[in-house]
Amino acid sequence: MKKIIALTCALALAAALPTPEPARQAGASVSVTIESPPLVALTFDDGPRSSTTGPLLDGLELREVPATFFLVGNRIPGNEDLVRRMGLEGHQVGVHTYDHVELKGLSRRDFDLQVGQTRALITQVLGEGNYWLRPPYGFIDKNGKTWCGGPVILWSVDPEDWRDSDVDRIVAAVVEQVSDGDIILLHDLFPSSAQAALRIVDTLLAKGYCFVTVEQLMEERGVTPEAGRPYRKIK
């Protein structure tokens, strides 16, 4: 994982560096300021899905870019190899409920069936870990925040890729508004979203951005994740 972060950030930094100036005379002082590249977290909801997750992982692996996948529990059986691959290739994995249901107003039993059951399935595949929650539609009530067992990961950039299959529109909606510390929301459901995601990665890498997981973004910014607290953007 550290190797992936270092490589993507090195590529982003190299892309962001200014074009070298002509050689100066011997003895002339040169002052060079190198700023850290802006960081963003690319996240995907609703997987795993055999038709889209595999090609998406292929493209991310080729670019050495980590992402964060929030999984729907009832889609894990039969797709364990994809989940295992996420872990092996340095991606972060989280919970998106078992049946993709709204978490507001649930009893503790129903909440645990949606969140705890999904977390248990992920643990069976990847082992013990911090599998954070992204609530469907971004909705969660006070009880859910108390019961969720970790931070609540929301988002700050949403191109609404579920609206249509217009890859150009989806890419533009992200690239035109993204900034340092953003958490980008996409869905691991549609081929157009996978295509758009890889174009977004290529475009932002060329602009000097560095891709990290949500957990890595917090680490880099010195943010200690708090259970039950919602996070939209990490500055």
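Quantities reported herein were computed from a predicted structural model and do not represent experimental measurements. (Residues numbered from 1 in each chain as written. Predicted model: local features only at pLDDT ≥ 70, side-chain atom pairs only at ≥ 80, totals over all residues. Heavy atoms only, no water.)

**What about the overall build of the chain?**
So, step 1. When its secondary structure is counted, the chain shows 8 helices and 7 strands.
So, step 2. The burial tally for the chain puts 49% of its 235 residues in the buried class.
So, step 3. Approximately 11,500 Å² of the chain is accessible, and the part contributed by carbon and sulfur atoms is 50%. (Helix = DSSP H or I, 4+ residues; strand = E, 2+ residues; numbered from the N terminus. Buried < 20%, exposed > 50% of the residue type's maximum accessible area, 1.4 Å probe, protein only. Areas by Shrake-Rupley, 256 points an atom, 1.4 Å probe, with all protein chains shown as cover.)

**Brief notes about the environment of Pro77**
So, step 1. Of note, Pro77 is situated in the loop between strand S2 (68-71) and helix H3 (80-88).
So, step 2. Measuring from C-alpha to C-alpha, the distance between Pro77 and Leu121 comes to 8.4 Å, with 44 residues separating the pair along the chain.

**A few points about the pairing of strand S3 (residues 92-95)**
Walk down a regular strand and you will see the side chains alternate between the two sheet faces.
So, step 1. Of the two faces of S3, both are covered, the one formed by Gln92 and Gly94 as well as the one formed by Val93 and Val95.
So, step 2. Sheet topology places S2 next to S3; 4 bridges connect them, and they run parallel. Its bridge partner being in S3, Thr68 is matched across the sheet by Gln92.
So, step 3. One crossover worth recording links S2 to the parallel S3 by way of H3, and it is right-handed. (Pairing = 2+ DSSP bridges. Right-handed = clockwise from strand over helix to strand, strands pointing away.)

**A look at the nonpolar core**
So, step 1. Leu42, Phe44, Leu60, Phe69 and Ile184 are the most contacted members of the largest nonpolar core, which has 61 residues in total.
So, step 2. Setting aside residues up to four positions removed in sequence, Phe44 forms contacts with Leu56, Leu60, Ala67, Thr68, Phe69, Phe70, Leu186, His187, Asp188 and Ala197. (Core = buried A, V, L, I, M, F, W, Y, C linked by side-chain atoms within 4.5 Å. Contact = heavy atoms within 4.5 Å.)

**Things to note about the packing of aromatic side chains**
So, step 1. By the definition in use, this model includes 3 aromatic pairs.
So, step 2. Seen from their ring centres, Phe44 and Phe69 are 5.2 Å apart, and the 20° between their planes marks the pair as stacked. With a gap of 25 residues between them, Phe44 in strand S1 (residues 39-47) and Phe69 in strand S2 connect regions that are remote in the sequence.
So, step 3. Looking at Phe44, the relative accessible area reads 1%, which means it is buried.
So, step 4. With centroids separated by 6.4 Å and ring planes inclined at 35°, the aromatic side chains of Tyr137 and Phe139 adopt a geometry described as tilted.
So, step 5. On the accessibility criterion, Tyr137 (48% relative accessible area) is partly exposed.
So, step 6. The residue whose ring lies beneath Lys104 is Phe139, and the NZ or CZ to ring-centre distance is 5.6 Å. (Phe/Tyr/Trp six-rings, centres within 6.5 Å; stacked < 30°, edge-to-face > 60°. Lys NZ or Arg CZ within 6 Å of the ring centre and 35° of its normal.)

**Quick word on unusual backbone geometry**
So, step 1. In this chain, Gly47 is followed by Pro48 through a cis amide linkage whose omega measures 0°.
So, step 2. Of note, Pro48 is situated in the loop between S1 and helix H2 (50-63).
So, step 3. Here Glu64, not a glycine, exhibits a phi torsion of approximately 55°, which is positive.
So, step 4. The exposure class assigned to Glu64 is partly exposed, which follows from its relative accessible area of 31%.

**Here's the deal with the pairing of strand S5 (residues 183-187)**
So, step 1. When you tally the buried positions in S5, you get 5 out of 5 residues, the bulk of the element.
So, step 2. Judged by which residues are buried, S5 turns out to be covered on both faces: Ile183, Leu185 and His187 on one side and Ile184 and Leu186 on the other are all buried.

**Let's talk about the confidence of the model for the chain**
So, step 1. When pLDDT is averaged along the chain, the result is 90; 86% of the residues meet or exceed 70.
So, step 2. This model gives residues 15-20 a pLDDT under 50, and the stretch forms 5 contacts once residues within four places in sequence are excluded. (pLDDT = per-residue confidence, 0-100.)

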